[in-house]
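Take a look at the letters that make up each chain.
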Amino acid sequence: MKFKAVRVFEEEGRFIPRIIERSMEDLPAGDVVIRVAYSSLNYKDALSCTGNRGVTREYPHTPGIDASGVVVESTDSQIQVGEEVIVTGYDLGMNTDGGFGEYIRVPASWVVRKPEGISLKEAMIYGTAGFTAALSVYELVEVVKPEAGPVLVIGAAGGVGSHSVKFLVKLGYEVVGVVGSEAEREFVLSLGARDTISREEADDKSGKPMLKQLWAGVVDTVGGNPLSIGIRSTKYGGVVTTCGNVAGGGIPEMNVYPFILRGVRLIGIDSVKCPVGKRVDVWKRLSDSWKGENLDRGVLEVGIEEILEKVKKMLNSELVGRVLLKH
Ligand SMILES: NC(=O)c1ccc[n+]([C@@H]2O[C@H](COP(=O)([O-])OP(=O)(O)OC[C@H]3O[C@@H](n4cnc5c(N)ncnc54)[C@H](OP(=O)(O)O)[C@@H]3O)[C@@H](O)[C@H]2O)c1
């Protein structure tokens, strides 16, 4: 049987993505074959599409780091044909053919059964960004209660940040978002944040090892200096989560005092190899108590013929909202 897939080819040092027909035999070895319904567009996909060896070592390759769909073949006794499932992270779309193809074949250990309260589409509206946000909030709410004070979300208008704002608001937290523009401010306020501050307002040049205690918790999605300031302005006993590095891989001016004098906890978030028990628990919450209204607001659904144009836009920072690939 033939199916459609994005395939990125390396030709004379250039990386050229094309939409081609593939056969089931072309898929990698694995226990479970899934007819993909949806995949979400992530920055990693855009990098994989354009030959970034940090994401994908071997070409030709089919990107797509997440997928939801229906099982059509399974050699695993726990996973039945006809089940609706979700796959995010692991090696999907990195060096294993991913969700930008109509079918994927993956190890059974990567597969999570879709909870009843969400559709296949909603699962990918969350996608990797929503799942990462949920992991961040999951860690924070274990320790920080709503009455402890405001939670700062750094990169609040981004994929991970905006989902984090929504979950925290839904759970009754007062949220302040760090934003880069007036349009982002309006967007983040529309998600229910109490307030926003600009990157300049969030900045601090004093170099002090600890700053005024402002936040009960911080969800950081950018790393670098904003993370450092977030940690140094977290209140006694607060929690800071971090998952990204768009503002830098280092933590400038960082020191031990927020940790040893204020008991601040810094928690790293990894969605790729997150253990299966936590995965299932987080998807369950996303399908019931954390699920908000109007999940599809700001989501653009496209077919495979349009996805490469959206990849280009993402790389040129011209994309507004989230893009969902529907097969
Ligand atoms: N650990 C994991 O498992 C995991 C999973 C998913 C994603 N990530 C990482 O998480 C990060 C965020 O991902 P995403 O999908 O949310 O990306 P995104 O949609 O591009 O959002 C990033 C946000 O950060 C903002 N930003 C950039 N530089 C900033 C700075 N110096 N200070 C404050 N805000 C800044 C951006 O604003 P502008 O648009 O105005 O520049 C944007 O709103 C990325 O580094 C990604 O690789 C990690």
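Residues numbered from 1 in each chain as written. Predicted model: local features only at pLDDT ≥ 70, side-chain atom pairs only at ≥ 80, totals over all residues. Heavy atoms only, no water.

Remarks on the site of the ligand
As a structural note, the neighbourhood of the ligand is formed by 19 residues, with G159, V160, E184, R199 and S271 the closest of them. At 2.8 Å, a side-chain N or O of R199 approaches an oxygen atom of the ligand. Separating an oxygen atom of the ligand from a side-chain N or O atom of S271 is a distance of 2.7 Å. Burial of the ligand by the protein chains amounts to 67% of its free accessible area of 930 Å². When the residues that make up the shell around the ligand are grouped by side-chain class, the tally is 8 nonpolar, 8 polar and 3 charged. (Near = heavy atom within 4 Å. Polar contact = N/O pair within 3.5 Å; in protein donor to acceptor, adjacent residues only side chain to side chain. Areas by Shrake-Rupley, 256 points an atom, 1.4 Å probe, with all protein chains shown as cover. Nonpolar A, V, L, I, M, F, W, Y, C, P; charged D, E, K, R; others polar.)

Digging into the layout of surface pockets
Counted as a void, the second largest pocket has a volume near 260 Å³. The wall of the second largest pocket is formed by 15 residues, among which V111, V112, R113, V276 and V280 lie closest to the centre. Elements with a minimum of two residues in the lining of the second largest pocket: β7 (112–113) and α8 (276–287). In terms of residues, the lining of the second largest pocket owes the most to one element, α8, which gives 4 residues. The residue makeup of the lining of the second largest pocket, split by class, is 9 nonpolar, 2 polar and 4 charged. (1 Å grid on protein atoms, 1.4 Å probe; cavity = no way out; pocket = protein on both sides within 12 Å on 5 of 7 lines; lining within 4 Å. Points joined across faces, edges and corners; volume = space filled by probe spheres on them. Helix = DSSP H or I, 4+ residues; strand = E, 2+ residues; numbered from the N terminus.)

Structural notes on the pattern of salt bridges
Counted under the stated rule, the structure contains 16 salt bridges. E11 is paired through a salt bridge with R18; the nearest N and O atoms lie 3.0 Å apart. On the accessibility criterion, E11 (32% relative accessible area) is partly exposed. Residue K121 is joined to E301 by a salt bridge in which the shortest nitrogen-to-oxygen separation is 2.9 Å. A residue pair is termed long-range when its members are at least 10 positions apart, and K121 in helix α2 (residues 120–143) and E301 in strand β14 (residues 299–302) qualify at 180 residues. (Salt bridge = Lys/Arg side-chain N within 4 Å of Asp/Glu carboxyl O. Buried < 20%, exposed > 50% of the residue type's maximum accessible area, 1.4 Å probe, protein only.)

Side note on α8
Residues spaced three or four apart along an α-helix face the same direction, because each turn holds 3.6 residues. The end-to-end C-alpha distance of α8, which contains 12 residues, comes to 17 Å, matching closely the 16 Å that a straight helix rising 1.5 Å per residue would cover. For α8, every residue scored as buried is listed here: R279, V282, W283, L286 and S287. What you see down the axis of α8 is that its buried residues fit within an arc of 135°, all on one side. If you follow the buried residues of α8, they end up packed against β5 (84–88), β7, α2 and α3 (159–170). (Expected span 1.5 Å × (residues − 1). Arc of directions from axis to C-beta. Contact = heavy atoms within 4.5 Å.)

Concerning the nonpolar core
Grouped together as the largest cluster of nonpolar side chains are 44 residues, with contacts concentrated most on L140, L168 and W283. Within the residue set of this core, elements represented by two or more residues are β3 (32–40), α2, β8 (151–154), α3, β9 (175–179), β11 (215–220) and α8. Here this core takes 14 residues from α2, the largest share from any one element. Each of domain 1 (2–117 + 291–326) and domain 2 (129–268) contributes no fewer than three residues to this core. Among all residues touching L168, those that are not within four sequence positions of it are V137, L140, V141, V151, V153, Y173, V175 and V219. (Core = buried A, V, L, I, M, F, W, Y, C linked by side-chain atoms within 4.5 Å. Domains from an automatic or database assignment.)

Things to note about the domain arrangement of the protein chain
Domain parsing of the protein chain yields domain 1 (2–117 + 291–326) and domain 2 (129–268). Here the C-alpha centre of domain 2 lies 30 Å away from the C-alpha centre of domain 1. Carbon and sulfur atoms supply 41% of the area buried between domain 1 and domain 2, which totals about 470 Å² over both sides. Area buried by domain 1 at its contact with domain 2 is led by K291, R297 and R322, which between them contribute 61% of it. Here domain 1 and domain 2 share 0 salt bridges between them. For the pair domain 1 and domain 2, the number of links is 1 residue pair in polar contact (both at pLDDT 80 or more). Of the residues belonging to the side of domain 1 that touches domain 2, the class tally is no nonpolar, 3 polar and 3 charged. (Buried area = accessible area lost by both parts, 1.4 Å probe.)

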